[in-house]
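Residue-level listing of the chains:
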Amino acid sequence: MSTLLELSGVSVSFDGFKAINNLSFQIGEPEMRAIIGPNGAGKTTFMDIVTGKTKPDEGTVLWGEKSISLVGMNESSISRAGIGRKFQKPTVFEAQTVRENLAMALRNPRGPLDVLFYRKNADGTRRIMDVAEQIGLTDELQRPAGELSHGQKQWLEIGMLLAQEPRLLLVDEPAAGMTPAEREKTTEILTDAAKTRAVVVVEHDMEFVRRLNCKVTVLNEGSVLAEGNLDHVTKNPDVIDVYLGR
Ligand code: ADP
Ligand code: MG
């Protein structure tokens with residue numbers, strides 16, 4: 001596993017309040033990583049920084065084998081560099097079918113190589129089938145996305161991101177509002193995706209995090225409080241104090 005993303009000494013303040021405070025950690029490739037921590041710990045802000053939505057006041061964010069600096073790159077360049085982000089609220093096109101949604105994602109390639117790849121595959125049918133299979137929506141391809149359950153919409157959105165073959169997929173609270181069965185399927189989709197790329201998941205549901213069965217980074221007040229497997233970090237007295245004990 002080689003390092004894909006490296007944050008060093010990253011800080012950002014909003015009106016004098018340090019939301020991210022000297023944050024340093026790395027994500028490998030491939031890797032599944034869970035990020036947990038209390039509300040306001042800076043989890044979403046971390047994703048904002050990596051995706052170029054928020055510019056850090058200090059520190060470096062380096063990407064890939066060439067250690068490209070993401071700081072100062074705009075959001076679309078960062079997305080083209082291979083970073084996909086899923087927000088909490090699904091943003092699928094409700095009137096379009098599942099197939100059309102996936103086709104749109106494929107038609108929006110993130111890099112020049114993908115354009116070549118896409119042309120060779122004429123209508124992209126094969127890729128659509130592959131992604132539909134990955135997200136468990138093969139039987140729903142002809143249905144308008146608006147008819148899908150909340151969980152299925154979330155999977156479709158993950159599929160639309162996977163269609164663009166990101167090297168890093170950032171997912172903020174995917175299990176929120178899902179049934180237990182949907183949560184389990186979501187774990188499967190993300191675990192599968194993490195076999196060939198980096199997937200970073202922010203999640204509050206500890207059962208969900210346990211099933212991800214991966215390294216966990218605990219954030220608190222904008223920095224890393226603890227890191228390791230879930231059993232290791234949940235035994236940490238500081239973690240119990242600021243997060244689990246409440
Ligand atoms: P988390 O996702 O861990 O709950 P956030 O990253 O959303 O935490 O927020 C960290 C802190 O930064 C919070 O105190 C939040 O209010 C503040 N914050 C985040 N984004 C902004 C912003 N754009 N403007 C002002 N304050 C912000
Ligand atoms: Mg958040």
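Everything below is about the structure shown above.
Read on for a plain summary of the structure.

Definitions and cut-offs
- Residues numbered from 1 in each chain as written.
- Chains lettered and ligands numbered in written order.
- Predicted model: local features only at pLDDT ≥ 70, side-chain atom pairs only at ≥ 80, totals over all residues.
- Heavy atoms only, no water.
- Pairing = 2+ DSSP bridges.
- Helix = DSSP H or I, 4+ residues; strand = E, 2+ residues; numbered from the N terminus.
- Contact = heavy atoms within 4.5 Å.
- Axes fitted to C-alpha atoms, helices over the stretch in contact; angles between N-to-C directions.
- Near = heavy atom within 4 Å.
- Polar contact = N/O pair within 3.5 Å; in protein donor to acceptor, adjacent residues only side chain to side chain.
- Areas by Shrake-Rupley, 256 points an atom, 1.4 Å probe, with all protein chains shown as cover.

So, about the sheet that holds strand β2 (residues 17-29). If you trace the four strands from one edge of the open sheet to the other, you get β2-β1-β4-β5, paired in antiparallel fashion. Lying at the two open borders of the sheet, with one neighbouring strand each, are β2 and β5 (68-69). Bridge analysis of strand β1 (residues 2-14) against strand β4 (residues 58-63) gives five bridges, and the strand direction is antiparallel. By the bridge assignment for β4, Leu5 is matched with Trp63. On the sheet, helix α1 (residues 43-50) packs against β1, β2 and β4 and is oriented at approximately 110° with respect to β1.

Neighbouring residues of ligand 1: Phe14, Phe17, Ala19, Pro38, Asn39, Gly40, Ala41, Gly42, Lys43, Thr44 and Thr45. Within the backbone of Gly42, one N or O atom sits 3.0 Å away from an oxygen atom of ligand 1. Within the side chain of Thr44, an N or O atom sits 2.9 Å from an oxygen atom of ligand 1. Burial of ligand 1 by the protein amounts to 59% of the accessible area it has alone, namely 560 Å². Every element with two or more residues in the shell around ligand 1 is listed here: β2 and α1. Here the shell around ligand 1 takes three residues from α1, the largest share from any one element.

To continue, consider the sheet that holds strand β8 (residues 198-202). Taken in spatial order, the six strands of this open sheet run β6-β7-β8-β3-β9-β10, and their pairing is mixed. The sheet is open, and its two borders are formed by β6 (83-86) and β10 (223-228), each paired with just one other strand. Ignoring strand direction, the axes of neighbouring strands in this sheet form an average angle of 20°. Pairing between strand β3 (residues 31-36) and β8: five bridges, direction parallel. If you follow Ala34 over to β8, its bridge partner there is Val201. Along the sheet, α1 makes contact with β3, β6, β7 (168-172), β8 and β9 (215-220), crossing β7 at roughly 150°. In this fold helix α10 (residues 237-244) packs onto β3, β9 and β10, with an angle of close to 120° to the strand it touches most, β10.

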